Amino acid sequence: MIRDVEVLVIGGGPAGLCAAQAAAGAGAHVLILERDDVPGGQLVKQTHKFFGSERQYAGDRGIFIGQMLVEEMTNHPNVEIMTDTTVLGIYEDGVVTALKDEQHLKFRPKKIIVATGAAEKFLTFPNNDLPGIYGAGAVQTLMNVGGVKPADKVIMVGAGNIGLIVSYQMLQAGVDVVCVVEAAPNIGGFLVHASKLRRAGVPICTGWTVKEAYGDGKLEGVVLCRLDEKWQPIEGTEIKVACDTLCLAVGLTPLAELCWQAGCHMEFIRELSGHVPVTDENLMTSVEGIYAAGDVSGIEEASSAMVEGRLAGYAVAVSLGYDVERAQKEVEAARAELVELRSGPMGGKIRAGLAKVAEKRGGASC
Amino acid sequence: MANNADKDTILCRCEDITREMILECIAEGYQTIDEIKRVTRAGMGPCQGRTCRLLIAQELSRAYHVPMEEVLMSTFRPPTKPLTMGALADAWLSEYDGDAAISGRAIDGKEGGNGE
Ligand SMILES: Cc1cc2nc3c(=O)[nH]c(=O)nc-3n(C[C@H](O)[C@H](O)[C@H](O)COP(=O)(O)OP(=O)(O)OC[C@H]3O[C@@H](n4cnc5c(N)ncnc54)[C@H](O)[C@@H]3O)c2cc1C
């Protein structure tokens with residue numbers, strides 16, 4: 001049996017929830033499919049206070065922002081959330097398949113909003129498959145969702161915001177954080193997060209990387225080495241450091257596999273951290289009726305993911321003829337909000353990436 | 001990104017494919033992720049290439065001196081994660097008349113076939 005759906009939102013993170021909020025608020029019927037057992041996306045494990053502007057609830061802890069959105073959507077008469085439901089495919093005829101409790105389900109949506117977020121990148125070095133080597137996301141989930149102390153003695157790789165925040169949260173959980181290793185010459189994350197670690201006595205070693213890991217059956221330590229200005233290891237600088245856990249926070253990349261499947265025009269855009277669907281000013285991909293919002297269309301932040309979700313949600317409402325006048329105003333307001341969010345020096349990379357997307361869109365007009 | 005991988009470093013964790021195996025493919029003249037996938041199974045495990053796809057793309061980019069922007073990606077097909085034959089069979093049985101399905105009437109394709 002194929003179930004007809006008006007608006008199908010894939011992924012219940014901040015982008016998906018805000019897309020549902022907008023579309024349903026204008027009168028559309030929305031079904032959210034979320035592979036996790038709870039909706040909220042990355043917000044579920046963000047126990048720290050968020051940066052950003054007040055309109056996107058900055059100053060609040062991520063987890064509370066998520067809970068608020070989830071509660072609102074759970075109680076919304078026009079919205080249904082199915083958790084533990086992984087979308088498996090988007091087919092040429094527009095049918096979407098999903099797996100829930102070992103059941104294979106099919107949907108035929110009028111509009112699809114893909115809001116699947118991101119996947120973690122991995123590093124290649126000898127013995128990187130030893131047990132005890134984790135992505136930062138897994139460690140954060142164990143700690144903040146599962147309540148499990150993830151390690152006794154850890155080395156963090158990556159001094160971007162994720163690496164810094166997760167390191168600090170491990171300190172709070174009683175883990176011995178030996179150091180944060182960062183290949184770049186500078187700390188990528190915000191100074192507030194770096195300062196907290198430094199005040200606690202954790203060294204942040206810029207210009208260093210992991211040469212290899214060692215251990216008999218499980219991680220026992222790593223060999224670190226210095227990098228020259230061309231990012232090449234400097235011979236003779238190797239040091240051996242004991243640890244039971246190595247945590248990799250070396251960046252995220254858009255989880256855009258469903259957009260690929262659907263045949264969307266995709267481009268590799270460095271500034272957006274990977275392959276992204278090329279979208280128009282309504283966030284519609286090159287495939288009619290399929291939209292993309294949040295980290296899936298470029299790694300950014302929860303604040304912009306929420307506004308992108310809202311933009312896509314209202315754009316879908318307009319295209320379905322719901323509350324058109326107000327929804328169109330909301331679309332324009334969201335666009336203006338995104339411009340403002342990305343206006344600072346931190347937004348430079350995103351602006352460059354989006355300019356490339358716009359160029360690709362122009363180049364492949366068909 | 002600094003690359004400290006040696007020949008034994010695993011690039012595809014699901015299928016235990018080392019960097020050496022990927023480099024051998026490239027030395028033999030394979031040029032795309034899909035070709036390498038077909039001969040080694042890299043990217044065909046439970047995570048469906050989520051981790052190794054970009055790592056293999058980087059090796060291709062380095063070996064053939066093409067920017068990452070131009071490395072041809074593999075074909076993405078459903079499902080995004082492995083599922084049991086049982087789940088598919090259950091869906092099929094509930095969709096079509098059970099007796100007909102079991103006696104094989106629906107099998108010759110007139111009504112079946114949903115792409116999987
Ligand atoms: C440690 C850390 C700290 C951060 N701090 C901040 C901060 O202070 N301020 C800020 O603004 N941002 C912050 N961020 C970034 C922010 O969390 C993300 O940018 C944001 O969550 C992206 O939202 P999203 O909805 O696009 O994706 P996600 O939150 O990743 O949600 C995507 C959802 O889609 C689901 N999904 C994926 N594939 C499927 C599928 N096939 N079927 C069904 N469901 C699927 C996932 O399970 C997930 O729930 C932080 C991130 C991290 C990791």
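The structure presented is a predicted model; accordingly, all values stated were derived computationally and were not measured. Numbering of residues begins from 1 in every chain and follows the order in which that chain's sequence is written. Chain A is the first chain written and ligand 1 is the first ligand written, with later ones labelled in order. Local features are withheld for residues below a pLDDT of 70 in this predicted model, meaning they are given only at 70 or higher, and side-chain atom pairs are given and counted only at 80 or more; totals for whole chains, interfaces and linings count all residues. Hydrogens are left out, water is left out, and the side-chain values use all remaining heavy atoms of the structure.

Colleague: So, the overall build of chain B: which residues are in play, and what are the values?
Modeller: Check the secondary structure of chain B and you find five helices and two strands. In DSSP terms, a helix is any run of H or I states spanning at least four residues, a strand is any run of E spanning at least two, and both are numbered starting from the N terminus. Ordered by position in the sequence, the α and β elements of chain B form the string β-β-α-α-α-α-α. Type-normalised accessible area, obtained with a 1.4 Å probe on protein chains alone, sets the label of each residue: buried when under 20%, exposed when over 50%, and partly exposed for intermediate values. By residue count, 41% of the 116 residues in chain B fall in the buried class. Relative to all contacts within chain B whose residues are 6 or more apart in sequence, the contacts with residues 24 or more apart total 42%. The contact criterion used throughout is that any non-hydrogen atoms of two residues lie within 4.5 Å.

Colleague: Account for the site of the ligand, naming residues and giving values.
Modeller: All names here are of chain A. The criterion for a residue being near a molecule or strand is simple. One of its heavy atoms has to lie within 4 Å of it. In the vicinity of the ligand lie 33 residues, with Glu-34, Gln-42, Phe-51, Val-87 and Asp-295 positioned nearest. One of the side-chain N or O atoms of Glu-34 is found 2.6 Å from an oxygen atom in the ligand. Pairs of N or O atoms within 3.5 Å make up the polar contacts considered here, provided that, within protein, one atom can donate a hydrogen while the other can accept it, and that residues adjacent in sequence are counted only when both atoms are side-chain atoms. The separation between a nitrogen atom of the ligand and a polar main-chain atom of Val-87 is 2.9 Å. Residue-level accessible areas treat just the shown protein chains as cover; the underlying method is Shrake-Rupley with a 1.4 Å probe. Burial of the ligand by the protein amounts to 96% of the accessible area it has alone, namely 1000 Å². Elements with a minimum of two residues in the shell around the ligand: helix H1 (14-25), strand E4 (85-90), helix H4 (161-172) and helix H7 (302-320). When grouped by side-chain class, the residues that make up the shell around the ligand number 14 nonpolar, 14 polar and five charged. For each domain, the first and last residues come from an automatic or database assignment. The two domains that each donate at least three residues to the shell around the ligand are domain 1 (2-119 + 252-361) and domain 2 (122-248). Three residue categories are used. Nonpolar comprises Ala, Val, Leu, Ile, Met, Phe, Trp, Tyr, Cys and Pro, charged comprises Asp, Glu, Lys and Arg, and polar comprises the others, including Gly.

Colleague: Lay out the pairing of strand E12 (residues 208-214) of chain A with the relevant residues and their values.
Modeller: Residue and element names in this part refer to chain A. Strand pairing is defined by DSSP finding a minimum of two bridges between the two strands. Relative to strand E13 (residues 221-226), E12 runs antiparallel, the two being bridged by six bridges. Counterpart to Thr-209 in the pairing with E13 is Cys-225. Following E12, the chain reverses through six residues before pairing antiparallel with E13; Gly-215 in that reversal takes a positive phi of roughly 155°.

Colleague: Before we move on, could you go through the confidence of the model for chain B and cite the residues and values that matter?
Modeller: All names here are of chain B. Think of pLDDT as the predictor's per-residue confidence, scored from 0 to 100. Averaged over all residues, the pLDDT of chain B is 83; the fraction at 70 or higher stands at 80%. The least confident element of chain B is helix H5 (residues 98-103), whose mean pLDDT is 53; the most confident is helix H2 (residues 33-40), at 96. Within the model, the stretch residues 105-116 combines pLDDT values under 50 with 19 contacts to residues more than four positions away or in other chains. Across the assembled chains, the prediction reports ipTM 0.84 with pTM 0.93.

Colleague: So what's going on with the packing of H1 of chain A against H7 of chain A? Which residues, and what values?
Modeller: Residues and elements named next belong to chain A. For helices, the fitted axis covers only the stretch in contact; all axes are lines through C-alpha atoms, and the angles between them, taken along N-to-C directions, range from 0 to 180 degrees. It is the contact of H1 with H7, at a shortest axis distance of 7 Å, that shows an interaxial angle of 35°. Regarding H1 and H7, the two cross each other, and that crossing is right-handed. From H1, Pro-14, Ala-15, Cys-18, Ala-19, Ala-22 and Ala-23 reach across to H7, where they touch Ala-302, Ala-305, Met-306, Gly-309, Arg-310, Gly-313 and Tyr-314. Across the contact of H1 with H7, the residue classes tally to ten nonpolar, two polar and one charged. By definition, turning the near helix anticlockwise from the far helix through less than a right angle yields a left-handed crossing, and turning it clockwise yields a right-handed one.

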